[in-house]
Amino acid sequence: MKKILVLGGAHIDRRGMIEAETIAGASNPGAWMEEAGGGGFNAARNLSRLGFTVRIIAPRGGDANGETVSAAARDAGVEDTPFTFLDRRTPSYTAILERDGNLVIAIADMDLYRLFTPRRLRVRAVRDAIMATDVILCDANLPQDTLQAIGIAARACEKPLAAIAISPAKVARLRAALQDIDMLFMNEAEAKALTGQSVRDVREWPQRLKDIGLRGGVVTSGARRVVAFSERETALLHPPLIEAVRDVTGAGDAMASGYLAAITHGQPPSQALRWGAAAAAITVQSVSATAEELNDQSLRAMLHLVPAPEML
């Protein structure tokens, strides 16, 4: 069984869903939910459900929210080995969503991640985990110098490195590590923030990203076309239309999970893109950022609804 090591965000997600038309500057009726989340953590749970042996290392506060995250990891079969700071609070992400599931605004309280410094990578247990894994996945919740150090460590031990961009504000932290990243998962806003450029067509993103040193990645644009590229091929996909969208939170993390699972199983980017789209389609039909229904069987069933990609 393939092993995946995740170094990144594992925190509390709070989401408020507005029930009617959104009225800015006013009280809106809605519902509130809270669960464990984070880009790296969502991907870790997805990958565990897809049959991988997954370990996550992330900062955690010594509070009840930290216990919630630990419990969610156990429930998903993820080996959870956090750096726990007893006198700090666990990071959190608070979002307000429109009734169609799209984001209105969010606040990320992530100060604790600053304490995941490059020095933490030199801890014996972390070094051993890096050596023992087959693939490393990180996310841009971590500090820039730590992400650069992860890239150097991955290159030194010849481990594939994947990364999740997280947000336009955070993706810039990955610039110093781009030469060491094999796959970067991002949306168009994050690709624009990383390159400093805009495009008229998603087909243009692979070359723009290669120009700044990235060897491979995936660029999504909501329910519209998604493009994936590596050093060998580039593919474009129209994701399947999902009528029963309940919450888009975690869709990008699911895309990363499905894509990475396929690549780890030896699939080319064109087929990995289909796996990613299938995982995302399952996830947006769930009220949670990760779908408990996601597994190898449900993924392969959803693949029947995912069209063949266009090779570019």
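- If you look the protein up in an unreviewed UniProt entry, it shows as Sugar/nucleoside kinase (Ribokinase family) from Rhizobium skierniewicense.

**Considering the layout of surface pockets**
- The volume enclosed by the second largest pocket comes to roughly 240 Å³.
- In terms of lining, the second largest pocket is formed by 15 residues, of which the most central are Asp-182, Met-183, Ser-230, Glu-231 and Arg-232.
- Tallied by class, residues from the lining of the second largest pocket come to 6 nonpolar, 5 polar and 4 charged.

**Here's the deal with the state of the cysteines**
- Applying the stated criterion across every chain yields a total of 0 disulfides.
- The closest cysteine sulfur to the non-disulfide-bonded Cys-157 is located on Cys-138, 13 Å from its own sulfur.

**Description of the sheet that holds strand β3 (residues 30-37)**
- The 4 strands are arranged β3-β2-β8-β9 in an open sheet whose pairing can be described as mixed. The two strands at the open ends of the sheet, each matched to only one other strand, are β3 and β9 (103-109). Across this sheet, the average inter-strand angle for adjacent strands is 15 degrees, counted without regard to direction.
- Contacting β2 (11-18) and β3, helix α2 (residues 64-76) crosses the sheet at an angle of about 95 degrees to β2.

**Here we look at the pairing of strand β13 (residues 217-220)**
- With burial as the criterion, each face of β13 is covered, one bearing Gly-217 and Val-219 and the other bearing Val-218 and Thr-220.
- Bridge count between strand β12 (residues 183-187) and β13: 4 bridges; the pairing is parallel. When the sheet's bridge partners are listed, Phe-185 is paired in β13 with Val-218.
- Here β13 hands over to strand β14 (residues 226-229) after 5 residues, with Gly-222 in that stretch at a positive phi of 65 degrees.

**As for the pattern of salt bridges**
- Under the criterion given, the structure shown has 14 salt bridges.
- Notably, a salt bridge pairs Arg-14 with Glu-34, separated by 3.1 Å at the nearest N-O pair. Here Glu-34 lies in strand β3 and Arg-14 lies in strand β2, a separation of 20 residues in the sequence.
- According to the relative accessible area criterion, Glu-34 is partly exposed, its value standing at 45%.
- The shortest N-O distance in the salt bridge between Arg-300 and Asp-296 comes to 3.1 Å. You can see Arg-300 and its partner Asp-296 sitting in helix α9 (residues 296-302), 4 residues apart, about one turn around the helix.
- Owing to a relative accessible area of 42%, Arg-300 belongs among the partly exposed residues under this scheme.
- Linked by salt bridges that have partners in common, Asp-201, Arg-203, Arg-225 and Glu-310 make up one network.

**Points about the domain arrangement of the protein**
- Segmentation of the protein into domains returns domain 1 (1-19 + 31-181) and domain 2 (187-311).
- Put simply, the middle of domain 1 and the middle of domain 2, counted by C-alpha atoms, are 19 Å apart.
- Counting residues at the interface gives 34 residues for domain 1, matched by 32 residues for domain 2.
- When domain 1 packs against domain 2, close to 2700 Å² is buried across both sides, 61% of that on carbon and sulfur atoms.

**A short note on the sheet that holds strand β15 (residues 234-237)**
- With mixed pairing, 10 strands are arranged side by side in an open sheet as β6-β4-β1-β10-β11-β12-β13-β14-β15-β16. The open sheet terminates on both sides in strands that have one partner only, identified here as β6 (79-80) and β16 (310-311).
- Pairing geometry for β15 and β16, over 2 bridges, is antiparallel. What sits directly across from Ala-235, in β16, is Met-311.
- Strands in contact with helix α1 (residues 39-49) are β1 (3-7), β4 (53-57), β10 (135-139) and β11 (161-164); relative to β4, the strand with the most contacts, it is inclined by about 165 degrees.

Cut-offs used in this document
- Residues numbered from 1 in each chain as written.
- Predicted model: local features only at pLDDT ≥ 70, side-chain atom pairs only at ≥ 80, totals over all residues.
- Heavy atoms only, no water.
- 1 Å grid on protein atoms, 1.4 Å probe; cavity = no way out; pocket = protein on both sides within 12 Å on 5 of 7 lines; lining within 4 Å.
- Points joined across faces, edges and corners; volume = space filled by probe spheres on them.
- Nonpolar A, V, L, I, M, F, W, Y, C, P; charged D, E, K, R; others polar.
- Disulfide = S-S within 2.5 Å.
- Pairing = 2+ DSSP bridges.
- Helix = DSSP H or I, 4+ residues; strand = E, 2+ residues; numbered from the N terminus.
- Axes fitted to C-alpha atoms, helices over the stretch in contact; angles between N-to-C directions.
- Contact = heavy atoms within 4.5 Å.
- Buried < 20%, exposed > 50% of the residue type's maximum accessible area, 1.4 Å probe, protein only.
- Salt bridge = Lys/Arg side-chain N within 4 Å of Asp/Glu carboxyl O.
- Domains from an automatic or database assignment.
- Buried area = accessible area lost by both parts, 1.4 Å probe.

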